[in-house]
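Summary of the model geometry
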Amino acid sequence: MRSASQILSLAFLCAAIVAMGLGGLTTSPAQAGEVPLPNIAKAYKGEQCVEPVDVMRRNHFEFLMHQRDETLREGIRGQKYSLNDCVDCHAVASPDVADGKLRTLKPFCKECHEYAAVSIDCFGCHTGAAVPGIGKQSSLPANHGDKASIAVLEAHLNAERQGGTDQ
Amino acid sequence: MNEKTMSTPETDVDTSRRNLLKGGAAAAVVTLAPGVTLRTVEAAVTGPATSAQRWGMLIDATAPEHLWDLAVEACKAEQGWGPEYNTSGKANPLTDPQWIRKVSVKDPKTGAKATLPVMCQHCAKPPCVDVCPTGASMKRADGIVLVDKHICIGCRYCMMACPYSCRSFVHEDVKNQRPHMPRGKGTVESCTLCVHRVDAGQKPACVEALNNAGSNAIIFGDLNDPNSDISRAVAKHVTQRIRADLDLEPGVHYRGI
Amino acid sequence: MAADTTVYKEIEGKGGDYYSLIGWLGVVVIAALYAVYNMEHYGHVVTGMTNAVVWGTPHVFAVFLIVAASGALNVASISSVFGKHHYKPLARLSAVTAMALLAGGLMILVLDLGRPDRLIIAMTYYNFKSIFAWNIILYNGFFVIVLAYLWMMMEKRMTPHSSKIGLFAFLWRLILTTGTGSIFGFLVARPGYDAAIMAPLFIAMSFAFGMAIFILIINVAYRGTGRPLGDVILFKMRNLLGVFIAAVLYFTVVQHLTNLYAAEHLDVQAFILMDGGIYTFLFWVVQVGIGGLFPLALLFNPATGRTCQGIAVASVLVIIGGLAQMYVIIIGGQAFPLLMFPGMEVSSSFFDGVLHPYTPSHWEVMLGLGGIAVALLIIAVGVKYLPLLPTSLSDAKIDPHHKAEEA
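Residues numbered from 1 in each chain as written. Chains lettered and ligands numbered in written order. Predicted model: local features only at pLDDT ≥ 70, side-chain atom pairs only at ≥ 80, totals over all residues.

**Here we look at the overall build of chain B**
- Counting its secondary structure elements, chain B contains six helices and eleven strands.
- Within chain B, the fraction of its 257 residues that count as buried is 53%.
- Relative to all contacts within chain B whose residues are 6 or more apart in sequence, the contacts with residues 24 or more apart total 63%. (Helix = DSSP H or I, 4+ residues; strand = E, 2+ residues; numbered from the N terminus. Buried ≥ 20, exposed ≤ 12 C-beta atoms within 10 Å, placed from the backbone. Contact = placed C-beta atoms within 7 Å.)

**Some details on the overall build of chain A**
- Within chain A, the secondary structure is distributed over five helices and two strands.
- Helices (α) and strands (β) of chain A occur, in sequence order from the N terminus, as α-α-α-β-β-α-α.
- A burial count over chain A gives 25% of its 167 residues as buried.
- Residue pairs at least 24 apart in sequence account for 61% of intrachain contacts in chain A once pairs closer than 6 positions are excluded.

**Quick word on helix α14 (residues 362-385) of chain C**
- The terminal C-alpha atoms of α14 of chain C, which comprises 24 residues, lie 34 Å apart, in line with the 34 Å expected from a rise of 1.5 Å per residue.
- The buried fraction of α14 of chain C amounts to 17 of the 24 residues, a majority that puts the element mostly inside the structure. (Expected span 1.5 Å × (residues − 1).)

**What about the interface of chain B and chain C?**
- On the chain C side, the residues contacting the 44 residues of chain B number 38 residues.
- Within the residue set of the side of chain B that touches chain C, elements represented by two or more residues are β4 (100-106), α2 (127-131), α3 (157-161) and β8 (168-169) of chain B.
- One ladder, built from four bridges, connects β4 of chain B with strand β2 (residues 345-348) of chain C; its direction is antiparallel. Opposite S104 of chain B, over in β2 of chain C, you have S347 of chain C as the bridge partner. (Pairing = 2+ DSSP bridges.)

**Section: the nonpolar core**
- Membership of the largest hydrophobic core comes to 210 residues, with the highest contact counts inside it found for A71 of chain B together with A208 and L241 of chain C.
- Of the residues forming this core, the biggest block, 18 residues, is contributed by helix α8 (residues 198-225) of chain C.
- Residues contacting A208 of chain C, with those up to four places away along its chain left out, are G71, L241, F244, I245, V248, V318 and G322 of chain C.
- Grouped together as the second largest cluster of nonpolar side chains are 13 residues, A43, A129, A130 and I134 of chain A included. (Core = buried A, V, L, I, M, F, W, Y, C linked by C-beta atoms within 7 Å.)

**Quick notes on unusual backbone geometry**
- Looking along the chain, the bond that leaves G47 of chain B and enters P48 of chain B is cis, with omega of 0°.
- As for its position among the elements, P48 of chain B is in the loop between β2 (36-39) and β3 (55-60).
- Residue L193 of chain B is not a glycine yet carries a positive backbone phi of 60°.
- Positionally, L193 of chain B belongs in the loop between β9 (188-189) and α4 (195-198).
- With phi around 65°, F351 of chain C is a residue other than glycine that occupies positive phi space.
- Structurally, the position occupied by F351 of chain C is in the loop between β2 and α14.

**Examining the sheet that holds strand β5 (residues 113-119) of chain B**
- Read from one edge to the other, the open sheet built from three strands follows the order β5(B)-β4(B)-β2(C), with strand pairing classed as antiparallel. Each having just a single partner strand, β5 of chain B together with β2 of chain C make up the two edges of the open sheet. Taking each pair of neighbouring strands and ignoring which way they run, the sheet shows an average axis angle of 30°.
- Lying over the sheet, helix α1 (residues 66-79) of chain B contacts β4 and β5 of chain B, oriented at roughly 155° with respect to β4 of chain B. (Axes fitted to C-alpha atoms, helices over the stretch in contact; angles between N-to-C directions.)

**Considering the packing of helix α4 (residues 91-111) of chain C against α8 of chain C**
All names here are of chain C.
- Two elements in contact, α4 and α8, have axes whose closest approach is 11 Å; the angle formed by their N-to-C orientations is 120°. Regarding α4 and α8, the two cross each other, and that crossing is right-handed. Touching S94, T97 and L101 of α4 are I213, F214 and I217, all from α8.
- Taken together, the residues that form the contact of α4 with α8 break down as four nonpolar, two polar and no charged. (Left-handed = near helix turned anticlockwise from the far one by under 90°. Nonpolar A, V, L, I, M, F, W, Y, C, P; charged D, E, K, R; others polar.)

**A few points about the sheet that holds strand β11 (residues 252-255) of chain B**
Residue and element names in this part refer to chain B.
- Ordered in space as β10-β3-β11, the three strands form an open sheet in which the pairing is mixed. A single partner strand is all that each edge strand has here, and the edge strands are β10 (218-222) and β11. On average, each strand axis in the sheet is inclined to that of its neighbour by 20°, with strand direction left out of account.
- In terms of strand pairing, β3 meets β10 through five bridges, oriented antiparallel. Looking at the pairing, G56 lines up with G221 of β10.
- Docked against the sheet, helix α6 (residues 229-236) engages β3, β10 and β11, running at close to 115° with respect to β10.

**Comments concerning the environment of M237 of chain C**
Residues and elements named next belong to chain C.
- Here M237 is to be found in helix α9 (residues 231-261).
- A count of 24 C-beta atoms within 10 Å places M237 in the buried class.
- Setting aside residues no more than four positions away along its own chain, M237 makes contact with M211 and I215.

**What about the environment of P204 of chain B?**
- Within the fold, P204 of chain B resides in the loop between α4 and α5 (205-212).
- With 29 residues separating them in the primary sequence, P204 of chain B and K175 of chain B have C-alpha atoms 23 Å apart.

**Quick look at the confidence of the model for chain A**
- On average, residues of chain A carry a pLDDT of 76, and 66% of them reach 70 or more.
- Considering each helix and strand of chain A separately, the mean pLDDT is smallest for helix α1 (residues 2-26) of chain A, with a value of 49, and largest for helix α2 (residues 53-74) of chain A, with 95. (pLDDT = per-residue confidence, 0-100.)

**Considerations on the packing of helix α2 (residues 57-72) of chain C against helix α13 (residues 308-335) of chain C**
Residues and elements named next belong to chain C.
- The interhelical angle for the contact between α2 and α13, taken along N-to-C directions, is 120°, at an axis separation of 9 Å. Relative to α13, the element α2 lies oblique. In the crossing of α2 with α13, the sense of the turn from one axis to the other is right-handed. On α13, the residues that touch H59, V60, V63 and F64 of α2 are G322, L323, M326, Y327, I330 and I331. (Parallel < 35°, antiparallel > 145°, perpendicular 65-115°, else oblique.)

**Some words on the confidence of the model for chain B**
All names here are of chain B.
- Mean pLDDT over chain B stands at 88; residues scoring 70 or higher make up 83%.
- Confidence drops under pLDDT 50 across residues 1-28; counting only partners more than four residues distant or on other chains, this segment forms 46 contacts.
- As scored by the predictor, the complex reaches a pTM of 0.87 and an ipTM of 0.92.

**A short note on the environment of T50 of chain C**
- Relative to the helices and strands, T50 of chain C resides in the loop between α1 (16-42) and α2.
- In this structure, the C-alpha to C-alpha distance between T50 of chain C and Y358 of chain C, residues 308 residues apart in sequence, is 7.8 Å.
- With residues up to four places along the chain from it excluded, the contact list for T50 of chain C reads L94 and T95 of chain B together with H356 of chain C.

Dropping the structure here:
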């Protein structure tokens, strides 16, 4: 009986090795075990994040956690790293959320967090939905504010100049 | 979900009420041309809350009863609680949260009656804070008692400890939470004294609703400031506090119970 | 102390009985996990709990098991601390039973949290003013100390030192049960709880429940394996159980008498003792009658107290009575309305001033039974893979000078 069970487990082991080997042969090295890189949505508005992108990628959770404690527990408000400001710029519409009718932060966060297999429970309570006035960028024009502002300003100045020559 | 009451930090900074940090980095709005404004995105940083203030309320229980319904509705709208916020869409009276409620009191011997709103009493010595294992149940320096839902594990010991039944447990999934008041299944919540409004120099929603209806039945203010309306009123009338025998020093005072 | 000549040996654990026991316990545990999945997925709205009765059936089972855990360590303490060498052979199983019951109880407690996924927060954020936070430390410490104690008892080189850690474990378990009782004793808001007597009451309860469970486990283990179990050790445990039941009854009487004296507590006492419906029934009939007086009668009546069956039945009754007592304390204490305005009639949409209904949901019962199953599973697996049980507990083994008439 002992030998029978040994043979069985040996057979299983062999099958597993063969299966792995076949798997390795049939998939190209690029595909093997690689998850596609996150495809991060462009910010809805805003020109520049509160920190350089690499700093944000590495440390955003520390900024957020530190500030959440200061805001909630100490009553310090209006500091730099606000989740609502994240929502303001980075909330994007996605077919996954409310059939694409609502801009929320979830699709933006999801990309990297799924890639890195880090689960967050922010959205258990925070909706992450963009509403008017939620953040500091809110009243700026959408799609990268400063450029848009400058374009409007230039147009205005041009119009003024032309108006001036007309007179 | 339109936030009428939500004000942008840039436009609603009441510097007289709050100490500014970071050298008054208040936002500036520079008009370059008609219709073209440049705004600094750095808003004013306010706080921290300090013990120089002690926020409190004085509730006049002799006021007409319908006012309390008004206060409850204002709270629901401001903070986003009630059965309509259940994802299931179903009302469950035994489990749905109530941050503020209208309580009727009757003396069985004399038949005398009073009706009053009861919400978190924002005790100076809050039992809910004492019993919380993680420190999620907390009191701010200015006396506002809050639940830090980031570290609430949902053990409900604070609900066992509160003598006023002022805390609710979120029993099911909720939706359409307010940006300033995130709420979620499995944690405990209660009246925040509209801390987000108070920090912005405004009154709590229930107080404002009564004011808008022409009533002063709830006076909100700083009990530490001898010149505030509430301090004057508290100095003038003998006030009552619910379960004063427990000596928890609630920030919510009543008169006429 | 005489040299310990006891031979400990793992049980065979090969028969169909053993595997069906493991299988059934496994089924109960899986059912409990399914219940937890539902409670977490849909929220506690699927349970019987409300905003007024916030601790429900899971807490009844959990607190019962946690209290019983510290009581189950008694047998080991009696041998190590009080030098009663008759109990020495049972000390290993006593330690394992204590840890197993605590693990089962804590599992229920943790899985009934609103956010069990945040358990790590409970371990990393401490509010030292909270008796609950202290209990987390006490429970974790209990595992460490009892594990060390067990190792010292099982490791020959360390055995001479095991009595020192045994004393430490004994003190720790007293503090632990004091802490558990104080979870209720420290609630100033609740007239049903707020009393220092909760701590000694819980200690008495722990002695009784732990001993009852231990007697049953010994019975099952020795009958199941066919190893000899003599009357001497059984009757000694019977006597202890009798004393502990009497102690629980005594503290219960004092608890209610003290409260009856205070006018402000009269209403809640009248509720529990007279017109509380299910709570009054559970108190008088199940807790006091079936779980207290009846087992006492069984244990000290020569006709039943000298039979293995009689002692086992009494132990089962103590466990049933203990669960009823927990139900009355935990849920009865919450069902009675808070006195926001003493002497006044109070009403509101939030059910102020009315008795709060509570009906256990099947999910909560499944979770509670799952905790018991986990505890039994740990013991069943433990005795199979570790030399915990003496090969014999015959009278000759327990007490070589034993005379037949002694018992």
